[in-house]
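# Results of the structural survey
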Amino acid sequence: MKYKKFVLIIFFLSIIASGCKGNNEPVDSDTPAVSETFILPTAQINNSDKSFLAPCNLISLAEMETIFQESPLFITEENGGCVVRNQWDTRSIWFSIFQGEQALPAMQWHTKNLIAGWTEQRFNTLVEEILSNESNQSLEALQESRLVLYEELEYRWERYFTFGDFAYWILNPRAFLGVFDVIEGDMYFQIGYSGFLAAQIQSPIEDLSKKILERLPDQFFVDFDFPEETNEEATTNDELQSNIPEIIDITRSSQEIYFGDLCAGETTTIRVQIGNYDAIDNVYLVYRLLSSEESNDNWQTIFMNQLTPDTWEIVISAESSFLTYQLVNASQVEYSVAIIYGVNNVLRSTSFRDITVLQCRQ
């Protein structure tokens, strides 16, 4: 009997030992390892199937340094997106991406942000018309309808057919500013840059966009509520108010310039004096020629020359500044001055029509 009990004890111990051994063996898995560079958080939002997405986790510092060709860089999450800046804050790349029920509110909120800092009422009216139009309640319709707003803000755009379902490059070369605006399915993606030359940065931006979209989970949610007041408006009203330049005075050396053979007085110098100039990146003149016979209403843009930190000027010539226009006696020059400050903000003066182009008669 004792011998049988001893055998039973040995038997049970062997079972227990084999069970413990099985628990200590590694479990095979076909799940690939997640890259340490691009860690996608898996926290659940409202018990849904969507993963919380931190946009800055979709890029790496190394690849941004390759694009910027400089270091150090500073990466921060702002307004539900990701912003990368250089140490002097003269160049930046930013992007945001929203899916599903967040996509349309994101595009609507961004549309309001486009006119932050502009004081002209016509821009507010145009935005209200775009957003209140019942036909613009889809991503595709709203994306297309606001191209008019970009045009009013001095951007030019072109359709890009080899990316996403609907994509546009929207550029303001004078301000070294550009936006790549993309719709893919129920997803709205925008990536932009400031401080770069368009010809040099567009291809890297397209490559980076492809990488970002490839790294996305199937379903995601960005933890950002779209405020009624735009971030730019709040910033302008608070901490950046003291950094906004001020146009103190705009003068011209002559209100009449002449064209024709052997003529004097062919030029006038437009000079602008600017207060609070520390944040200025560049100053340019926007102008066109108006006459009873002039059908070309395109605006011309030329960068002004800096004389002192607070004084910029440009020389306008009747013979060389209006080559794309038809010179007609008594034509008027319509112009305004625009200031680029804080990398991608624009301050524009009111328009003037106080310079007349006259034909020289001797």
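Anyway, here's the lowdown on the structure attached to this text. Keep in mind it's a predicted model, so treat the numbers as computed, not measured.

## Some words on the pattern of salt bridges
Once the charged atoms of two side chains with opposite charge are near each other, the side chains can pair. All chains considered together, the criterion is met by 10 salt bridges. Where Arg-215 meets Glu-63, a salt bridge forms, and the shortest distance between an N and an O atom there is 2.9 Å. Here the residue Arg-215 occupies a position in the loop between helix H7 (198–214) and strand E9 (220–221), and Glu-63 occupies one in helix H2 (residues 61–68), the gap between them amounting to 152 residues. Arg-353 is paired through a salt bridge with Glu-334; the nearest N and O atoms lie 3.5 Å apart. Placement of Arg-353 in strand E19 (residues 352–359) and of Glu-334 in strand E17 (residues 331–341) is noted, with a sequence separation of 19 residues between them. For Arg-353, a relative accessible area of 48% puts it in the partly exposed group. Exposure remark for Glu-334: the relative accessible area of 8% places this residue in the buried category. A cluster of three or more residues bridged by salt bridges with shared partners is formed by Arg-288, Glu-334 and Arg-353.

## Examining the environment of Trp-118
Position of Trp-118 relative to the elements: it lies in the loop between helix H3 (103–113) and helix H4 (121–132). Sequence separation between Trp-118 and Asn-345 is 227 residues, and the spatial gap between their C-alpha atoms is 9.4 Å. Leaving out residues up to four positions away in the same chain, Trp-118 has contacts with Phe-123, Leu-153, Val-346 and Arg-348.

## Examining the state of the cysteines
Within this structure, the stated rule accounts for one disulfide. What pairs with Cys-56 in a disulfide is Cys-82, and their sulfur atoms sit 2.2 Å apart. Disulfide Cys-56-Cys-82: torsion about the S-S bond near 110°, hence right-handed. Taken together, the residues span a long stretch of sequence, with Cys-56 in the loop between strand E1 (51–52) and H2 and Cys-82 in strand E3 (residues 81–86) at a distance of 26 residues. For Cys-56, a relative accessible area of 13% gives the class buried.

Conventions adopted
- Residues numbered from 1 in each chain as written.
- Predicted model: local features only at pLDDT ≥ 70, side-chain atom pairs only at ≥ 80, totals over all residues.
- Heavy atoms only, no water.
- Salt bridge = Lys/Arg side-chain N within 4 Å of Asp/Glu carboxyl O.
- Helix = DSSP H or I, 4+ residues; strand = E, 2+ residues; numbered from the N terminus.
- Buried < 20%, exposed > 50% of the residue type's maximum accessible area, 1.4 Å probe, protein only.
- Contact = heavy atoms within 4.5 Å.
- Disulfide = S-S within 2.5 Å.

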